[in-house]
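# A closer look at the structure
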Amino acid sequence: AVPAVPPIPGIDSSQCIDSTGALALNKVPDSMIIIGGGVIGMEMATIYASLGTRIQVVEMMDRVLPMIDSELTDILIRDLKKKGVDILTDAIVTEIREQRGQALVVVKTQSGEKKLSAERVLVAIGRKPAIEALCLDKAGIHYERGGITVNNKMETNVAGVYAIGDCNGRVQLAHAASAQGEVAAENAMGNHAVFRDNAIPYCVYTPRELAAVGL
């Protein structure tokens, strides 16, 4: 998978980075606006807040980490606010501009338009399957916007061709990809195995780690 890039005017600004770029900075920024309050966004928020960066998180949903039980996220949010992290929910970024070496981020909220500024803007709205270069049409393999279409045997519509991991968009977790690989290998060798996605463990690597398993 590759980082997803939303169609926001100014998103190609030199101040904007993705999650890969956030791990390659040679200097801790004084301030950072994080677009996206999902797993990557919140993990990066806690990392950089711990390093002394002033963090502002902008999330379009009504709360961050919407896939996690609110009882857990409420605790995390309380901890982050103690670290000075500012979280803005029900907010949509409409434009990014460069202004005197800083990034000016225009945000639409229920209470009106807000303008935020920071040294860096981390775009962390998620990742998308990297399938553009695979020439799937030439192979006759079905795919959708969310990734390559597979059944519970990890097989595509073309017999003998399997797709595992982020490219099928089922569950974007490394250990899920490993499990899918085992299923695909078993079926490729003539055995019978199916991938079940109703009991997958996952966690959020924030200082107060959150973990869950099941539906």
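In this report, we go over the structure that sits alongside the text. Because the structure is a prediction, the values reported are computed rather than measured.

Another point: the state of the cysteines. All told, the structure shown has 0 disulfides when counted by the stated rule. Free of any disulfide, C167 has its nearest neighbouring cysteine sulfur in C135, separated by 15 Å.

Three- or four-residue spacings in an α-helix give side chains the same orientation, since the helix completes a turn every 3.6 residues. The end-to-end C-alpha separation of helix 2 (residues 39-50) is 17 Å, in line with the 16 Å expected for 12 residues at 1.5 Å each. The complete set of buried residues in helix 2 reads G41, M42, E43, M44, A45, T46, Y48 and A49. Downstream of helix 2 by one or two residues, G52 has phi in the positive range, about 105°.

It is worth spelling out the side chain of S31 at this point. Mapping S31 onto the fold places it in strand 3 (residues 31-35). Among the polar contacts made by the side chain of S31, one reaches the main-chain amide nitrogen of E119 at a distance of 2.9 Å.

A few words on the sheet that holds strand 6 (residues 92-99). Within the open sheet, the 3 strands sit side by side as 6-7-8. Their pairing is antiparallel. Looking at which strands have only one partner, the edges of the open sheet turn out to be strand 6 and strand 8 (112-118). Across the sheet, the mean angle separating the axes of adjacent strands is 20° when strand polarity is ignored. Two elements, strand 6 and strand 7 (residues 102-109), share 7 bridges in a ladder whose sense is antiparallel. Looking across to strand 7, one finds that I96 is bridged to V105.

Here is what the cut-offs are and how they apply
- Residues numbered from 1 in each chain as written.
- Predicted model: local features only at pLDDT ≥ 70, side-chain atom pairs only at ≥ 80, totals over all residues.
- Heavy atoms only, no water.
- Disulfide = S-S within 2.5 Å.
- Helix = DSSP H or I, 4+ residues; strand = E, 2+ residues; numbered from the N terminus.
- Expected span 1.5 Å × (residues − 1).
- Buried < 20%, exposed > 50% of the residue type's maximum accessible area, 1.4 Å probe, protein only.
- Polar contact = N/O pair within 3.5 Å; in protein donor to acceptor, adjacent residues only side chain to side chain.
- Pairing = 2+ DSSP bridges.
- Axes fitted to C-alpha atoms, helices over the stretch in contact; angles between N-to-C directions.

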